[in-house]
Structures are given as structure tokens and as C-alpha cells.
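Tertiary structure, described
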Amino acid sequence: QVQLVESGGGLVQAGGSLRLSCAASGRTFNSYAMGWFRQAPGKEREFVAAIRWSADSGYYADSVKGRFTISRDNAKKTVYLQMNSLKPEDTAVYYCAGKYYSGDYSSSAEYDYWGQGTQVTVSS
């Protein structure tokens, strides 16, 4: 079993930056990739970014491409999401998730374990 704990959320003005962290613990040895999703009030959960533990580059939703960067530190079993040029529409609860197999990185249904989420609020 894998546990995920997100941190780094908060309130920021439009144009500002935040860095989210997701620390994994437990049986992580067979984890294949990690992703970030977000859910705004009244909306469905949507894909933000994903990265394989064996890769340096990630996958991004079009809405965040060029502004957000996903990275990982295998030794610390931690995944990060650097968010720059934040917009009010980025306001949401951000969730970290992990998956054991390859496939569609943007599909939440393919992720096997999830964190509790961290709130990000961007004021205009």
C-alpha cells in the first residue's frame, strides 16, 4: 500500500507562483508514474501533469503547458509541481496520484492511489 501526502498549497495573487510537493511512502517500489490532477468547485477532476519515475520530462494538459513544471526526486520519493504565472482559473484542490502501469496518463481512472489534496487559491 502506498500513501501520498501533498503540501505547498495556499493563497496567491494572479501572476504568482507556488510549488506543490507530494511525498510517497509505503510500498512504492513498483510505482510506474505519478500525476497531478485538480478539481474546482462544481467541476470534474481534470488532468494537470504526469511524470514517470524513470523519466526527466513530463506530460501536461494544454491549459498549463509552459506555466507548470512537474519533476521528481526518486531518492526522496517525492514529486513536485512548480506552478508559475498562476491564473484565477487555476484555483482548485490539487491531488497527487500514482499508477503502477503505463497507459493514458491523463485518465484519472488509471491511477491506483491518491493523496488527500491541497487547496490552491489564486486571487485576481
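What comes next concerns the included structure. Every chain begins its residue count from 1, and numbering advances along the sequence as written. Totals for whole chains, interfaces and linings use every residue, but because this is a predicted model, local features are given only for residues with pLDDT of at least 70 and side-chain atom pairs only at 80 or more, for both listing and counting. Excluding hydrogens and water, the side-chain figures rest on all heavy atoms present in the structure.

1. Overview of the overall build of the chain
The criterion, for reference: Numbered from the N terminus, helices here are DSSP runs of H or I no shorter than four residues, and strands are runs of E no shorter than two. Two things to know: the radius of gyration comes from C-alpha atoms, and the globule rule equals 2.2 Å times the number of residues to the power 0.38. The contact definition used throughout considers only heavy atoms, calling two residues in contact when any of these lie within 4.5 Å. We treat Lys and Arg as the positive residues and Asp and Glu as the negative residues; His and chain ends play no part in the count. A charge is said to be at NZ when it belongs to Lys, at CZ for Arg, at CG for Asp and at CD for Glu.
The number of helices and strands found in the chain is zero helices and 11 strands. Seen in sequence order, the chain has helices and strands lined up from the N terminus as β-β-β-β-β-β-β-β-β-β-β. At 13 Å, the chain has a C-alpha radius of gyration in line with the 14 Å of a compact globule built from 124 residues. Each principal axis of the C-alpha distribution contributes one length, and for the chain these read about 40 × 25 × 25 Å. Contacts spanning at least 24 positions in sequence make up 56% of the contacts within the chain whose residues lie at least 6 apart. The averaged location of the 11 negative side-chain charges in the chain is 5 Å from the averaged location of its 13 positive side-chain charges.

2. Remarks on the packing of aromatic side chains
Note the following rule: Pairing of aromatic side chains requires ring centres within 6.5 Å, counting the rings of Phe and Tyr and the six-membered ring of Trp. Pairs whose planes differ by under 30 degrees are stacked, by over 60 edge-to-face, and all others tilted.
This model, assessed by the stated rule, comprises six aromatic pairs. Measuring from centroid to centroid gives 5.7 Å for Phe37 and Phe47, while their planes differ by 70°, and the two rings are edge-to-face. Placement of Phe37 in strand β4 (residues 33-39) and of Phe47 in strand β5 (residues 46-52) is noted, with a sequence separation of 10 residues between them. Measuring from ring centre to ring centre gives 5.4 Å for Tyr100 and Tyr113, while their planes differ by 55°; the resulting arrangement is tilted. Taken together, the positions of Tyr100 in the loop between β9 (92-99) and β10 (113-114) and Tyr113 in strand β10 put the pair 13 residues apart, joining distant regions of the chain.

3. As for the side chain of Lys99
Rules: Buried means the residue's accessible area, taken with a 1.4 Å probe over protein chains only, is under 20% of the maximum for its type, while exposed means over 50%, and partly exposed covers the values in between. Residues adjacent in sequence count toward polar contacts only when both atoms are side-chain atoms; beyond that, a polar contact is any pair of N or O atoms within 3.5 Å, and within protein one must be able to donate a hydrogen and the other to accept it.
Tracing the backbone shows Lys99 in strand β9. Looking at Lys99, the relative accessible area reads 1%, which means it is buried. Here the side chain of Lys99 touches Tyr101 through a polar contact of 2.5 Å, landing on its backbone oxygen.

4. Some points on the state of the cysteines
As a reminder, the rule being used: Our working definition of a disulfide is a cysteine sulfur pair at a distance within 2.5 Å.
Within the structure shown, the criterion is met by one disulfide. Residue pairing for Cys22: its cysteine sulfur links by disulfide to Cys96, the two sulfurs lying 2.0 Å apart. As the torsion about the S-S bond is roughly -80°, the Cys22-Cys96 disulfide counts as left-handed. Here the residue Cys22 occupies a position in strand β3 (residues 18-26), and Cys96 occupies one in strand β9, the gap between them amounting to 74 residues. On the basis of relative accessibility, which here comes to 0%, the residue Cys96 falls in the buried class.

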